[in-house]
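Architecture at a glance
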Amino acid sequence: MAKFFILIFPMEPRKVHIKNFGCQMNKLDSSLLGSALEDAGFILSTKAADADAVLINTCSVRGHAEERVFSHLGHLKHIKETRPQIVVAVIGCMAQRLGAELLEHDAVDIVAGPSQIPQIPEMVIQTLQSRKKALSVTEKIRSKNTEAQSKALDDFEFTYDTDKNHIPGQAFVRVMRGCNNFCTYCIVPYVRGPEISRPPQTIIEQIKKLAEKGIRQVTLLGQTVNSYVYNAGDRSYRLADLLEMTSNIDGIKWVRFITSHPKHFDDSILRAMAQLSEVCEYLHIPAQSGSDRILKAMNRGYTGDEYLALLAEARKIVPGIAIAGDFIVGFPGETDDDFQATVDLVKKARFKNCFVFKYSPRPGTGADNKLKDDIPEEIKKQRNARLLDLQNRISDEDNKRFAGQTVEVLAEGPSKKPHLNKAEHENNPQLIGRTATDYIVVFNGPKSLAGQFAKVRITKTAPVTLFGSLL
Ligand code: 5AD
Ligand code: SF4
């Protein structure tokens, strides 16, 4: 495979700093870009202050994520007062959403959207030389990429995907881009474009390459990963096919996929999970609300009962499956009764964990166009806290069953908050690992275990963490 950029700097190698906001998709884009920029002769730097170029990969999913980016840009503007030669690129979802408006910000030199990722290294190189501001976003975001654009994105992904991930032994592989669901609160379809599934051959070749470099777990990524579909001749490939093909790759021990949509969730995925030992028994499947009225206003395409029936089916086909959910509280018009329906659903669902978000109006979305953001912030906060508190109690109760059990984990590395003194932390640090079912396990062991599988006996449980000793 030909590399994209061959540019050797005449002087000192330039330093680039990449700051990531947002989801796994963004983390993956940042990691691809890091590897492409290294290939083009840059050195990756952990600090913005001494970098020649700073890339900020942004998220638009909630207003708060955008506010954090603006505050970071304020910080960069300050750095630029003493080092005006720094090139600052704002990339990702916010770049696509705000386009030229962002380029007007004093600190910003480059604005490029998620579909322009392959062009970004070249844009950075150009701007470092010319000092001219540059904008590259997709004009008509809802029209399908041309073949050439899709191929460029695919080739970029294939070439620069790397085992040098932030978690040893693990890699994330995009299987599809975009989203066609238009949940009324959500900005994603307007910034990431229509759903496009990548060819299975490329995905599998990419995973083989990663496995050869020592990757043991892959996570297949898609905004609605269960709607993956790729037609080749008279054959149609679905997510279950990808799971099977990935499981057959030498070296791959665990495969997961995020995120699923409850609408049209197909049993073949659950059967693959039950039959293939490599497919982790974990499902992240956002419910968003338990109220049928709100689910309809959100355009989710299912009722609370249908969602619960899907969980029951999943538990029947895959005993021991762990399920995680997302919820939005304070959607326009959410009454106490609507919220109570969400509470009731959470009680029945017995999730492993839940992510709860306060509704944030996103410009241009269906909900923002038609509905007033009428739930006071205080009520949103209360509902958020109540739901998390309930889930905490459920997790606390359910996790107790792990006490005394032995679980297999894939070790990630030293815990960020070690409760040990420095010497102990060096010799026998506290490590973090995850089970196939995505439970976080904390135990002591050598640092060299990062990226390896290990057996841990659980000695203590808490709502979000299990504690144990290495066998
Ligand atoms: N406000 C609050 N939360 C949102 N999410 C998506 N859009 C919004 C919004 N406008 C949440 C959903 C989704 C998760 C990634 O973010 O719960 O599943
Ligand atoms: Fe957003 Fe809905 Fe698509 Fe998920 S499925 S990315 S919530 S529009």
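In what follows, the structure referred to is the one given above.
This write-up is about the structure you can find in this document. (Residues numbered from 1 in each chain as written. Chains lettered and ligands numbered in written order. Predicted model: local features only at pLDDT ≥ 70, side-chain atom pairs only at ≥ 80, totals over all residues. Heavy atoms only, no water.)

Here we come to the overall build of the protein. Helices and strands together make up the secondary structure of the protein, namely 16 helices and 21 strands. Compactness check: the protein gives a C-alpha radius of gyration of 23 Å against a globular reference of 23 Å for 471 residues, within 12% of the reference. Dimensions of the protein, computed from the C-alpha atoms along their principal axes, are close to 60 × 55 × 55 Å. Here the protein holds 471 residues, and the buried ones make up 55% of them. For the protein, contacts bridging at least 24 residues in sequence account for 72% of all contacts bridging at least 6. Carbon and sulfur atoms make up 51% of the accessible area of the protein, which totals about 20,800 Å². In the protein, the 62 positive side-chain charges and the 56 negative ones have mean positions that sit 2 Å from each other. (Helix = DSSP H or I, 4+ residues; strand = E, 2+ residues; numbered from the N terminus. Rg over C-alpha atoms; globule rule 2.2 N^0.38 Å. Buried < 20%, exposed > 50% of the residue type's maximum accessible area, 1.4 Å probe, protein only. Contact = heavy atoms within 4.5 Å. Areas by Shrake-Rupley, 256 points an atom, 1.4 Å probe, with all protein chains shown as cover. Lys, Arg positive; Asp, Glu negative; His and termini not counted. Charge placed at Lys NZ, Arg CZ, Asp CG, Glu CD.)

Moving on, we come to the sheet that holds strand β10 (residues 217-221). An order of β7-β10-β13 is seen for the three strands of this open sheet, with the pairing classed as parallel. Looking at the sheet topology across the chains shown, the edges are occupied by β7 (170-174) and β13 (254-258). Taken pair by pair, the neighbouring strands of this sheet meet at an average axis angle of 20°, ignoring direction. As judged from the five bridges shared by β7 and β10, these two strands associate in the parallel manner. Counterpart to F172 in the pairing with β10 is T219. Packed onto the sheet, helix α8 (residues 200-212) meets β7 and β10 and runs at close to 165° relative to β7. (Pairing = 2+ DSSP bridges. Axes fitted to C-alpha atoms, helices over the stretch in contact; angles between N-to-C directions.)

Within the structure, ligand 1 sits among V61, R62, Y185, P286, Q288, D326, I328, F357, K358, Y359, S360 and R362. Between ligand 1 and the protein, one listed contact pairs a nitrogen atom with a backbone N or O atom of Y185 at 3.0 Å. One of the backbone nitrogen or oxygen atoms of S360 is found 2.8 Å away from a nitrogen atom of ligand 1. Looking at the shell around ligand 1, the elements with two or more residues in it are β15 (322-329) and β16 (353-358). Grouping the constituent residues of the shell around ligand 1 by class yields six nonpolar, two polar and four charged. (Near = heavy atom within 4 Å. Polar contact = N/O pair within 3.5 Å; in protein donor to acceptor, adjacent residues only side chain to side chain. Nonpolar A, V, L, I, M, F, W, Y, C, P; charged D, E, K, R; others polar.)

The strand order across the open sheet formed by six strands is β2-β1-β3-β4-β5-β6, and the pairing between neighbours is parallel. Each edge of the open sheet is held by one strand with a lone partner, namely β2 (43-44) and β6 (134-136). Summarising the sheet, strand β1 (residues 15-20) and β2 pair through two bridges and their orientation is parallel. Across the sheet, residue V16 finds its bridge partner in β2, namely L44. Along the sheet face, helix α2 (residues 63-82) touches β1, β3 (53-58) and β4 (87-92) and points at about 170° away from the line of β3.

Right, let's get into the packing of aromatic side chains. On inspection of all chains with the given rule, the structure shows eight aromatic pairs. Geometrically, the ring pair formed by F331 and Y359 is edge-to-face, given 5.3 Å between the ring centres and 70° between the ring planes. In this pair, F331 sits in the loop between β15 and α13 (336-349) while Y359 sits in the loop between β16 and α14 (366-370), placing the two residues 28 residues apart along the sequence. What links up through ring pairs into an aromatic cluster is the set Y302, Y307, F327 and F351. Here K19 stacks its cationic end above the ring of F21, 5.3 Å away from the centre of that ring. In this structure, K209 packs its charged tip against the face of F158, placed 4.3 Å from the ring centre. (Phe/Tyr/Trp six-rings, centres within 6.5 Å; stacked < 30°, edge-to-face > 60°. Lys NZ or Arg CZ within 6 Å of the ring centre and 35° of its normal.)

Here the focus is the nonpolar core. Soluble globular proteins tend to bury their nonpolar side chains together. If you look at the biggest cluster of nonpolar residues, it comprises 56 residues, and the most contacted ones within it are V218, L220, L239, L243, F257, L283 and F351. Here L243 is in contact with L220, V255, F257, I269, A272, L276 and V279, once residues within four sequence places are set aside. (Core = buried A, V, L, I, M, F, W, Y, C linked by side-chain atoms within 4.5 Å.)

This part takes up the packing of helix α9 (residues 239-247) against helix α10 (residues 267-275). Orientation of α9 relative to α10, taken along the N-to-C sense of each, is 20°, at an axis distance of 8 Å. Relative to α10, α9 is oriented roughly parallel. Regarding α9 and α10, the two cross each other, and that crossing is left-handed. Every residue of α10 that contacts α9 at L239, A240 and L243 is listed here: S268, I269 and A272. Each residue belonging to the contact of α9 with α10 can be placed in one class, and the counts come to five nonpolar, one polar and no charged. (Parallel < 35°, antiparallel > 145°, perpendicular 65-115°, else oblique. Left-handed = near helix turned anticlockwise from the far one by under 90°.)

Our focus in this paragraph is the pattern of salt bridges. Evaluated as defined, the whole model comprises 29 salt bridges. The closest approach of N and O atoms between R177 and E157, which form a salt bridge, is 2.9 Å. Of this pair, R177 sits in strand β8 (residues 176-177) while E157 sits in helix α6 (residues 147-160), and the two are 20 residues apart along the sequence. The same class applies to R177 and to E157, which are both buried. Ionic pairing is found between K400 and D396, a salt bridge with its closest N-O pair at 3.7 Å. (Salt bridge = Lys/Arg side-chain N within 4 Å of Asp/Glu carboxyl O.)

What follows concerns the site of ligand 2. The local shell around ligand 2 consists of C179, N181, F182, C183, Y185, C186, V188, P189, Q223, T224, H261 and R300. For the shell around ligand 2, a count of residues per class yields seven nonpolar, four polar and one charged.

With that settled, the discussion passes to the pairing of β10. Along β10, five of the five residues are buried, which leaves the element largely enclosed by surrounding structure. Every second residue of β10 is oriented toward a common face, with Q217, T219 and L221 on one face and V218 and L220 on the other, all of them buried. Relative to β13, β10 runs parallel, the two being bridged by five bridges. The residue of β13 that forms the bridge with T219 is R256.

Relative to the 22 Å expected for 16 residues at 1.5 Å per residue, helix α1 (residues 24-39) spans 23 Å between its end C-alpha atoms, a close match to the ideal helical length. Of the residues one or two after α1, G41 is the one with positive phi, at around 105°. (Expected span 1.5 Å × (residues − 1).)

This is a description of form; function is not addressed.
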